[in-house]
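# Remarks on the overall topology
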Amino acid sequence: RPGYPVMVPPLLLFTNPTLPPTLLRRINIALIREVHQNIGEPIIFTLVDYLCTNLHDMQKTFIKEQRAKEFEAEQLRLRKDAGHDTGVDSVIEAQYENDGKIGKRQKAR
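The sections below set out a description of the structure shown in this document. These numbers come from a predicted model, not from an experiment.

## Some words on the overall build of the chain
For the chain, the helix and strand inventory stands at 4 helices and 0 strands. N-terminal to C-terminal, the α/β element order of the chain is α-α-α-α. With 109 residues in all, the chain has 20% of them scored as buried.

## Description of the packing of helix 1 (residues 21-37) against helix 2 (residues 44-81)
Close contact between helix 1 and helix 2 brings their axes to 10 Å; oriented N to C, the two are set at 145°. Crossing of helix 1 over helix 2 shows right-handed handedness. Between helix 1 and helix 2, the contacting residues are T22, L23, R26, I27, A30, L31, E34 and V35 on the first element and T46, L47, Y50, L51, L55, M58, Q59, F62 and E65 on the second. Here the residues of the contact of helix 1 with helix 2 are counted per class, giving 11 nonpolar, 3 polar and 3 charged.

## Considering the environment of V48
Residue position: V48 is located in helix 2. Using a relative accessible area of 45% as the deciding quantity, one classes V48 as partly exposed.

## Regarding empty space enclosed by the protein
Unfilled space is identified by rolling a water-sized probe across the atoms. A complete count under the given rule lists 1 cavity of 30 Å³ or more for this structure. Its boundaries defined by the atoms lining it, the largest cavity holds a volume of some 40 Å³. Considering the residues around the largest cavity, the lining is formed by 11 residues, among which P9, P10, N38, I39 and E41 are closest to the centre.

## Comments concerning helix 1
Since there are 3.6 residues in each turn of an α-helix, residues three or four apart along the chain are aligned in direction. Between the first and last C-alpha of helix 1 there are 24 Å, a value that for 17 residues agrees with the 24 Å anticipated at 1.5 Å per step. Looking only at helix 1, the buried set comprises L23, L24, I27, N28, A30, L31, E34 and V35. For helix 1, the buried positions fall inside an angular range of 160° around the axis, keeping them on one side. In helix 1, those exposed residues whose orientation departs by more than 90 degrees from the buried face are P21, R33 and Q37. Buried-residue contacts for helix 1 involve helix 2.

## Observations concerning the side chain of N38
If you trace the backbone, N38 turns up in the loop between helix 1 and helix 2. Once residues within four sequence positions are removed from consideration, N38 is found in contact with I43 and T46.

## Description of the pattern of salt bridges
Taken as a whole and judged by the stated rule, the model has 3 salt bridges. Across the pair E65 and R26 runs a salt bridge whose closest N-O atoms are separated by 2.6 Å. In this pair, E65 is assigned in helix 2 and R26 in helix 1, connecting sequence segments 39 residues apart. A salt bridge links R77 to D81; the shortest N-O distance between them is 2.6 Å. Taken together, the residues span about one helical turn, with R77 and D81 both in helix 2 at a distance of 4 residues.

## Notes on helix 2
When the terminal C-alpha atoms of helix 2 are compared, their 52 Å separation across 38 residues agrees well with the 56 Å that a helix rising 1.5 Å per residue should span. Remark: the principal bend of helix 2, roughly 45°, maps to N54. Those residues of helix 2 lying buried are L47, Y50, L51, M58 and F62. Next to the buried residues of helix 2 lie helix 1.

Criteria and thresholds
- Residues numbered from 1 in each chain as written.
- Predicted model: local features only at pLDDT ≥ 70, side-chain atom pairs only at ≥ 80, totals over all residues.
- Heavy atoms only, no water.
- Helix = DSSP H or I, 4+ residues; strand = E, 2+ residues; numbered from the N terminus.
- Buried < 20%, exposed > 50% of the residue type's maximum accessible area, 1.4 Å probe, protein only.
- Axes fitted to C-alpha atoms, helices over the stretch in contact; angles between N-to-C directions.
- Left-handed = near helix turned anticlockwise from the far one by under 90°.
- Contact = heavy atoms within 4.5 Å.
- Nonpolar A, V, L, I, M, F, W, Y, C, P; charged D, E, K, R; others polar.
- 1 Å grid on protein atoms, 1.4 Å probe; cavity = no way out; pocket = protein on both sides within 12 Å on 5 of 7 lines; lining within 4 Å.
- Points joined across faces, edges and corners; volume = space filled by probe spheres on them.
- Expected span 1.5 Å × (residues − 1).
- Arc of directions from axis to C-beta.
- Salt bridge = Lys/Arg side-chain N within 4 Å of Asp/Glu carboxyl O.
- Bend = angle between axes of the 7 residues up to and from the residue.

Structure, rendered in structure tokens:
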């Protein structure tokens with residue numbers, strides 16, 4: 001790319017067929033930030049070092065977030081299966097059934 005490394009950052013794209021697209025997007029954003037912090041310097045070896053240092057932590061964080069989302073979805077599914085009110089719709093319906101008045105329990109939600 002003309003102007004690299006003095007004036008323009010390199011074009012790069014980190015790919016891996018085994019990683020989820022959301023994680024790949026996060027990795028590429030982090031790499032772009034790293035590149036923009038080091039304009040004017042040769043960056044390829046810096047990026048490789050950055051990946052070696054941070055990729056494992058980025059993947060662990062991503063996995064924890066995914067597990068938390070899956071846990072919340074499972075809890076919501078179990079509540080629905082048990083017949084619990086899980087959304088705002090039930091509160092709105094209760095309002096219309098009681099002439100627009102909300103009971104103490106509904107206000108607490």
